Amino acid sequence: VRRVQPQHLPVPAILPLLDAVVAVYSHGLCCLVRSGSQQQPTRAVEIDISSLPGAPDPRMQTPIIGGAIWKRNSILLASRTYLLRLDVGGGLHQPRSCSVLLMQPSKPLASACAHPTEHRIFTG
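Residues numbered from 1 in each chain as written. Predicted model: local features only at pLDDT ≥ 70, side-chain atom pairs only at ≥ 80, totals over all residues. Heavy atoms only, no water.

Draft legend 1. Broad picture of the pattern of salt bridges. Taken as a whole, this structure holds one salt bridge when the rule is applied. The partner of Arg-120 in a salt bridge is Glu-118, and the shortest N-O contact between them spans 3.1 Å. Judged by relative accessible area, which is 49%, Arg-120 ranks as partly exposed. Glu-118 sits in the partly exposed class, given a relative accessible area of 39%. (Salt bridge = Lys/Arg side-chain N within 4 Å of Asp/Glu carboxyl O. Buried < 20%, exposed > 50% of the residue type's maximum accessible area, 1.4 Å probe, protein only.)

Next up, the structure:
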(Lines give C-alpha, C1' and ligand atoms only; values in the text may rest on other atoms or scores of the structure.)
Protein backbone atom coordinates (compact mmCIF):
# COMPACT_ATOMS: atom_id res chain seq x y z
CA VAL A 1 0.00 0.00 0.00
CA ARG A 2 1.37 3.41 -1.00
CA ARG A 3 0.25 6.61 0.67
CA VAL A 4 0.52 10.28 -0.23
CA GLN A 5 -0.27 13.47 1.66
CA PRO A 6 -4.08 13.62 1.87
CA GLN A 7 -5.77 16.55 0.17
CA HIS A 8 -9.24 17.79 1.05
CA LEU A 9 -10.26 18.34 -2.56
CA PRO A 10 -11.86 16.05 -5.15
CA VAL A 11 -9.74 13.95 -7.51
CA PRO A 12 -11.36 14.24 -10.97
CA ALA A 13 -8.72 12.12 -12.76
CA ILE A 14 -6.63 9.09 -11.84
CA LEU A 15 -4.40 8.24 -14.79
CA PRO A 16 -2.40 4.98 -15.01
CA LEU A 17 1.08 5.01 -16.54
CA LEU A 18 3.39 2.05 -17.18
CA ASP A 19 5.18 2.26 -13.82
CA ALA A 20 3.18 4.91 -11.95
CA VAL A 21 -0.22 6.42 -11.22
CA VAL A 22 -1.05 10.13 -11.56
CA ALA A 23 -3.77 11.65 -9.41
CA VAL A 24 -4.98 15.09 -10.53
CA TYR A 25 -6.68 17.19 -7.87
CA SER A 26 -9.36 19.68 -8.87
CA HIS A 27 -7.29 22.69 -7.75
CA GLY A 28 -4.47 21.88 -10.22
CA LEU A 29 -2.03 19.71 -8.29
CA CYS A 30 -0.75 16.50 -9.91
CA CYS A 31 0.58 13.76 -7.65
CA LEU A 32 2.70 11.01 -9.20
CA VAL A 33 3.13 7.78 -7.25
CA ARG A 34 5.86 5.65 -8.81
CA SER A 35 6.30 1.99 -7.93
CA GLY A 36 9.52 1.24 -6.11
CA SER A 37 12.12 -1.49 -6.20
CA GLN A 38 14.69 -2.76 -3.75
CA GLN A 39 17.22 -0.18 -4.97
CA GLN A 40 14.78 2.76 -5.10
CA PRO A 41 11.93 3.18 -2.63
CA THR A 42 8.47 4.32 -3.67
CA ARG A 43 8.28 8.07 -4.18
CA ALA A 44 5.45 10.56 -4.49
CA VAL A 45 6.08 13.73 -6.51
CA GLU A 46 3.66 16.68 -6.50
CA ILE A 47 3.54 19.17 -9.38
CA ASP A 48 1.56 22.42 -9.38
CA ILE A 49 0.22 22.95 -12.91
CA SER A 50 0.11 26.74 -12.54
CA SER A 51 3.90 26.82 -12.00
CA LEU A 52 4.66 25.27 -15.42
CA PRO A 53 5.70 27.45 -18.38
CA GLY A 54 2.70 28.26 -20.57
CA ALA A 55 0.06 27.58 -17.90
CA PRO A 56 -2.81 30.08 -17.68
CA ASP A 57 -2.89 32.60 -14.86
CA PRO A 58 -3.93 30.78 -11.65
CA ARG A 59 -6.49 33.52 -10.91
CA MET A 60 -8.29 32.66 -14.17
CA GLN A 61 -8.30 28.88 -13.79
CA THR A 62 -11.39 26.95 -12.84
CA PRO A 63 -11.38 23.53 -11.13
CA ILE A 64 -10.21 20.60 -13.24
CA ILE A 65 -13.06 18.23 -14.12
CA GLY A 66 -11.26 15.44 -16.00
CA GLY A 67 -8.17 14.23 -17.79
CA ALA A 68 -6.60 11.58 -19.99
CA ILE A 69 -3.22 10.29 -21.15
CA TRP A 70 -2.60 11.22 -24.79
CA LYS A 71 0.11 9.67 -27.01
CA ARG A 72 2.12 8.44 -23.98
CA ASN A 73 3.95 11.76 -23.58
CA SER A 74 1.10 14.15 -22.85
CA ILE A 75 -1.67 14.58 -20.33
CA LEU A 76 -4.86 16.36 -21.35
CA LEU A 77 -6.69 18.13 -18.53
CA ALA A 78 -10.09 19.78 -18.87
CA SER A 79 -11.51 22.48 -16.66
CA ARG A 80 -14.72 24.40 -17.24
CA THR A 81 -12.87 27.10 -19.20
CA TYR A 82 -9.62 25.50 -20.44
CA LEU A 83 -8.33 22.40 -22.18
CA LEU A 84 -4.68 22.00 -21.15
CA ARG A 85 -1.91 19.77 -22.49
CA LEU A 86 0.99 18.87 -20.19
CA ASP A 87 4.13 17.78 -22.04
CA VAL A 88 5.68 14.99 -19.98
CA GLY A 89 8.10 13.68 -22.62
CA GLY A 90 10.99 13.90 -20.14
CA GLY A 91 9.02 12.14 -17.42
CA LEU A 92 6.28 13.39 -15.14
CA HIS A 93 8.73 14.17 -12.34
CA GLN A 94 9.90 17.08 -14.52
CA PRO A 95 7.21 18.16 -17.02
CA ARG A 96 8.45 20.38 -19.84
CA SER A 97 5.53 22.72 -20.33
CA CYS A 98 1.81 23.34 -20.25
CA SER A 99 -0.07 24.64 -23.27
CA VAL A 100 -3.62 25.89 -23.60
CA LEU A 101 -5.36 24.01 -26.42
CA LEU A 102 -8.72 25.64 -25.94
CA MET A 103 -9.96 28.61 -23.97
CA GLN A 104 -13.65 29.25 -23.60
CA PRO A 105 -14.11 31.96 -20.97
CA SER A 106 -17.71 32.88 -21.83
CA LYS A 107 -19.24 29.40 -21.53
CA PRO A 108 -18.29 26.44 -19.36
CA LEU A 109 -16.66 23.52 -21.14
CA ALA A 110 -18.86 20.45 -20.58
CA SER A 111 -17.06 17.81 -22.65
CA ALA A 112 -14.09 17.26 -24.96
CA CYS A 113 -13.33 14.46 -27.38
CA ALA A 114 -10.23 13.75 -29.50
CA HIS A 115 -10.75 12.52 -33.05
CA PRO A 116 -9.31 8.98 -33.38
CA THR A 117 -7.50 9.50 -36.71
CA GLU A 118 -7.19 13.26 -37.28
CA HIS A 119 -5.50 15.98 -35.23
CA ARG A 120 -8.78 17.51 -34.05
CA ILE A 121 -10.46 18.04 -30.70
CA PHE A 122 -14.21 18.58 -30.42
CA THR A 123 -15.82 20.35 -27.47
CA GLY A 124 -19.33 20.91 -26.26
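Draft legend 2. Highlighting the sheet that holds strand S1 (residues 13–16). In space, the four strands of this open sheet follow the order S1-S2-S3-S4, with antiparallel pairing throughout. Looking along the sheet, the strands with just one partner apiece sit at the ends: S1 and strand S4 (43–48). Neighbouring strand axes in the sheet, compared pairwise and without regard to direction, differ in orientation by 20 degrees on average. (Pairing = 2+ DSSP bridges. Helix = DSSP H or I, 4+ residues; strand = E, 2+ residues; numbered from the N terminus. Axes fitted to C-alpha atoms, helices over the stretch in contact; angles between N-to-C directions.)

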